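In case you want the letters, here they are:
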Amino acid sequence: MHYLDHAAGTPVRPAAVEAMLPMLTTEFGNPSGAHRLARSANRALDEARETMAGVLGVHPGEIVFTSGGTEADNLAVNGIIGARGGRAVCSAVEHHAVLEPVEHLGGLVAPVDGRGLVDLDALAELLEGSGEPVTLVSVMLANNETGVIQPLEPIRAVVDEHAAGAVLHTDAVQALCWVDVAAAAACADMISVSAHKFGGPKGTGVLAVRDGITLAPMQRGGGQEKGRRNGTQNAPGIVAMAAAASDVVAGRAAEIERVGGLRNRLADGLLAAIPKTHESAVPVGAERSNKTANICHLAFEGVESEALLFLLEKDDIMASAASSCSSGAQDPSHVLAAMGVGRQLAAGSLRLSLGHTSTVADVDAALAAVPTAVERLRDHSGYATNEGRHG
Ligand code: PLP
């Protein structure tokens, strides 16, 4: 099997499994309890909190454990608007976990350019003309479909100038393996991450919230996480997440090199082999330094993603069209639409995403299978490619 869908979910790292097992068996106490077993679970949580704080460049008290990226994003948006009122603003390429709560609360969406970067002038205009004070701006650090990395400093400057006092949140769920989040998000007030994107288990994440920022809780209960996220913490998942994050940080620079090399071999090979193929957010021949090292995102003219994924799976290749955490439905991608990619081309997109278990064999399997599958689908639909490759 060739797993090329790491952006959807990663295999759990051995260090994370090892850290998790005792929490499930011998150290199973409720971290809020008073006895020895409970205290030991609570100590494990404290250690995990310190680790995650180091990874994200915040203080341990600023870590709020959540049930994953979706909860962290929802807590960021609902928590600020619930506590302060005012309006929320996010970019047009956000994951639905940000986009939906922002739109649900009557917030505004800032456009991006063809490279997937927030249009700073349009953002400034939106902040000035929002009708009521903007209290939250949310812009993701790395996009889950294209891998485009958004520099946050310029966003921070626009927010400070045009919506002074607003909180800046960043969804760094896709970034942790490929970007030094502590440095890249140093100017953000809140940061979301999710364990299953970096070799931890599903259902565990963090919202880092800078001191002095009050959140309205999404559920009321026992006061865990200083009342910011009530409910018994998923101690096994949290401990495993911290072990995975430590692993990531220790090997990050080398993995960016290794996986970036594999990704370039894959993207360059497919672009050379398949005419009428477009790489999102990367002009022909340009470096891919604007993207995370693991994502190869291509769109093939005259092809339907769904059929392509079906053929690739027959060759034992697991991939995605766009974001695969939005129910599996093949809706046209709002990310590509926001970048100005036409509906027809967007319908032929393929995301191959690599990660810590990816090998040359995985890449070579895709290099062999994708051109054949695309050709088959184009033959079937009568699509002609005799004009040669462009874009
Ligand atoms: N944000 C981004 C950028 C994502 O890619 C995802 C999942 O794919 C999420 C949020 C949601 O995270 P989770 O699956 O942990 O709920």
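To start, this report covers the structure provided alongside it.

Each value, and the rule that gives it
All chains use their own residue numbering, which begins from 1 and follows the written sequence. In keeping with the model being predicted, local features are shown solely for residues with a pLDDT of at least 70 and side-chain atom pairs are shown and tallied solely at 80 or more, while totals for entire chains, interfaces and linings include all residues. Only heavy atoms go into the side-chain values, all of them from the structure, while hydrogens and water stay out. In DSSP terms, a helix is any run of H or I states spanning at least four residues, a strand is any run of E spanning at least two, and both are numbered starting from the N terminus. The size measure is the radius of gyration over C-alpha atoms, and the globule rule it meets is 2.2 Å times the number of residues to the 0.38 power. For every residue, the accessible area (1.4 Å probe, protein chains only) is compared with the maximum for its type, and the residue is labelled buried under 20%, exposed over 50%, or partly exposed between those bounds. A pair of strands is considered paired only if DSSP assigns at least 2 bridges between the two. The convention used is that axes are lines fitted to C-alpha atoms, helices contributing only their stretch in contact, and that angles between N-to-C directions extend from 0 to 180 degrees. It only takes one pair of heavy atoms within 4.5 Å for two residues to be counted as in contact. Here roughly perpendicular refers to angles of 65 to 115 degrees, roughly parallel to angles under 35, roughly antiparallel to angles over 145, and oblique to all remaining angles. When the near helix sits turned anticlockwise from the far one by under a right angle, the crossing is termed left-handed; a clockwise turn instead gives a right-handed crossing. By the convention adopted, Pro, Cys, Tyr, Trp, Phe, Met, Ile, Leu, Val and Ala count as nonpolar, Lys, Arg, Asp and Glu as charged, and the other residues, Gly among them, as polar. Residues belong to a common nonpolar core when they are buried Ala, Val, Leu, Ile, Met, Phe, Trp, Tyr or Cys residues joined through side-chain atoms within 4.5 Å. Salt bridge, as used here, is a side-chain nitrogen of Lys or Arg placed within 4 Å of a carboxyl oxygen of Asp or Glu.

Right, let's get into the overall build of the chain. Check the secondary structure of the chain and you find 12 helices and 12 strands. Its C-alpha atoms give the chain a radius of gyration of 21 Å, within 12% of the compact-globule value 21 Å for 391 residues. The dimensions of the chain, computed from C-alpha atoms along their principal axes, are 70 × 55 × 35 Å. Scored against the burial criterion, the 391 residues of the chain give a buried share of 54%.

Strands sit in the order 9-10-12 across an open sheet of 3 strands; the sheet is antiparallel. Among the strands making up the open sheet, the edge pair consists of strand 9 (277-279) and strand 12 (349-353). The sheet shows a mean angle of 25° between the axes of neighbouring strands, taken without regard to direction.

A few words now on the environment of Ala-186. Following the sequence through the fold, Ala-186 ends up in the loop between helix 7 (181-184) and strand 7 (190-194). According to the relative accessible area criterion, Ala-186 is partly exposed, its value standing at 47%. Along the sequence, Ala-186 and Gly-57 sit 129 residues apart, while their C-alpha atoms lie 7.0 Å from each other. Setting aside residues up to four positions removed in sequence, Ala-186 forms contacts with Val-181 and Arg-210.

Where helix 1 (residues 14-24) meets helix 8 (residues 235-273), the closest approach of the two axes is 8 Å, and the angle between their N-to-C directions is 160°. On the basis of their axis angle, the class for helix 1 and helix 8 is roughly antiparallel. Crossing geometry of helix 1 relative to helix 8 is assigned as right-handed. For the pair formed by helix 1 and helix 8, the contact residues are Ala-15, Ala-16, Ala-19, Met-20, Met-23 and Leu-24 on the first element and Ala-235, Pro-236, Gly-237, Val-239, Ala-240, Ala-243, Ala-244 and Asp-247 on the second. In terms of residue class, the contact of helix 1 with helix 8 is built from 12 nonpolar, 1 polar and 1 charged.

Let's shift gears to the nonpolar core. In this structure, Met-52, Leu-56 and Phe-198 are the most contacted members of the largest nonpolar core, which totals 95 residues. In terms of residues, this core owes the most to one element, helix 8, which gives 15 residues. Setting aside residues up to four positions removed in sequence, Met-52 forms contacts with Ile-63, Phe-65, Val-193, Phe-198, Val-206, Met-241, Ala-242 and Ala-245. Grouped together as the second largest cluster of nonpolar side chains are 19 residues, Ala-72, Ile-81, Cys-90 and Val-98 included.

Attention now moves to the pattern of salt bridges. In the structure shown here, the tally under the stated rule is 13 salt bridges. Here Asp-364 ties to Arg-265 by a salt bridge, and the two come within 2.9 Å at their closest N and O atoms. Linking Asp-364 in helix 12 (residues 360-381) with Arg-265 in helix 8, this pair joins segments that are 99 residues apart in sequence. Bridged by salt links that share partners, the residues Arg-156, Asp-160 and Asp-189 form one connected network.

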